[in-house]
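Next come the chains, spelled out residue by residue.
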Amino acid sequence: MRKSQKAMITGGMLAVIAVCTVAPTLSWLSDKTDPVVNTFAGGAISIKLDEALVDTDGKALTGNDAQRVTNNSYKYVPGSVLDKDPTPTVLKGSEECYVFMCVENNLNDKFSINYDTNSWQQVAKADNRTVYIYSETINAEQSEVDVMLNPIFTQVTVSTELTSSDIKALGEKTLTATAYAVQAKSIDKDTAINLAVSQFLPQATEVIPDIS
């Protein structure tokens, strides 16, 4: 083989060796962080409504017989004082919320109810249904126990002027309470009231203004 050919071959081998040797040493400066993980969990509101179980005379059972129930039956006579305490409870872990009660009263004016007007404020009324808001928002998000509110009322009193004719005309009537809660975050009181009123009284005839 001539010298010029050997030189070309040798030069080519050196070039290959040079590439193979130098290439692994060419690296970019770099670094890597740990990941930032964002977890999104939806908030929730959970409430319940119950009242004390009563005996055949409409008196709340006490001691070992005491229970909380979702309905009672009453026998009324003139002068009766009947125990009834619809009480909402915001369950632990619930977001801060406004709490409302709607009372549907099908009794007549011979029955009086001792509403707790300090804890509950009337915000709207239509026919025999009235909506009330609790006096403060309730936050059970960090609570280890359920938060029981004050009952909207505790007794129904029957007038001593109720007659046999009144009883016959009245027959069986109902007094119903329903609780409703609306988140407090990002919602002002007026918006929450409007939501509650539309929930219970889509055709409200009277809305109580400015209860703040």
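In this convention, every chain numbers its residues from 1, walking through the sequence in written order. Given that the model is predicted, a residue must reach a pLDDT of at least 70 before its local features are reported, and side-chain atom pairs must reach 80 or more before they are shown or counted; all residues, however, enter totals for whole chains, interfaces and linings. Based on all heavy atoms of the structure, the side-chain values leave hydrogens and waters out of the count.

Caption draft 1: Representation of the sheet that holds strand β4 (residues 87-90) in the model. Only strands that DSSP links by at least two bridges are regarded as paired with each other. Secondary structure follows DSSP: runs of H or I at least 4 residues long count as helices, runs of E at least 2 residues long count as strands, and numbering of each begins at the N terminus. Spatial strand order, β2-β1-β4-β9: 4 strands in an open sheet with antiparallel pairing. Of all strands in the sheet, those with a lone pairing partner are β2 (68-69) and β9 (147-148), marking the two edges. Pairing of strand β1 (residues 47-52) with β4 involves 4 bridges; the strand directions are antiparallel. Within β4, the residue paired with leucine 49 across the bridge is proline 88.

Caption draft 2: Summary view of the confidence of the model for the protein. On average, residues of the protein score 86 in pLDDT, and 82% of them are at 70 or above. Below a pLDDT of 50 lies the segment residues 7-22, which in the model reaches 1 contact outside its immediate sequence neighbourhood of four places, other chains included. A residue's pLDDT is simply how confident the predictor is in it, with values from 0 to 100. The contact definition used throughout considers only heavy atoms, calling two residues in contact when any of these lie within 4.5 Å.

Caption draft 3: Expanded view of the pairing of strand β8 (residues 129-134). Relative accessible area decides the class of each residue, using a 1.4 Å probe on protein chains only: under 20% of the type maximum gives buried, over 50% gives exposed, and in between gives partly exposed. Taking burial as the measure, the 6 residues of β8 include 5 buried ones, the bulk of the element. Across 5 bridges, strand β5 (residues 97-105) lies against β8 in antiparallel orientation. Directly across from cysteine 102, in β8, lies its bridge partner valine 131. Relative to β8, strand β7 (residues 120-126) runs antiparallel, the two sharing 6 bridges. Bridged to glutamine 121 within β8 is isoleucine 133. The turn joining β7 and β8, which pair antiparallel and follow one another in sequence, is formed by 2 residues; a positive phi near 55° is taken by aspartate 127.

Caption draft 4: Molecular detail of the sheet that holds strand β10 (residues 153-158). As summarised here, the arrangement of the 3 strands in space is β3-β10-β6, forming an open sheet in which the pairing is antiparallel. Strands with a single pairing partner mark the edges of an open sheet, and in this sheet they are β3 (81-83) and β6 (111-115). Recorded for the sheet is a direction-independent mean angle of 25° between the axes of neighbouring strands. Lines fitted to C-alpha atoms define the axes, with helix axes restricted to the stretch in contact, and inter-axis angles between N-to-C directions lie between 0 and 180 degrees.

Caption draft 5: Region of the structure containing helix α3 (residues 189-200). The end-to-end C-alpha distance of α3 is 17 Å, a good match for the 16 Å that 12 residues give at a rise of 1.5 Å each. Within α3, burial applies to Ala192, Ile193, Ala196, Val197 and Phe200. The buried residues of α3 occupy an angular sector of 135° when the element is viewed end-on, so they sit on one face. In this structure, α3 carries Asp190 and Asn194 as exposed residues pointing more than 90 degrees from its buried face. Take the number of residues in a helix, subtract one, and multiply by 1.5 Å to get its expected span. Working definition: the arc comes from the directions between the helix axis and the C-beta atoms, pointing outward to the latter.

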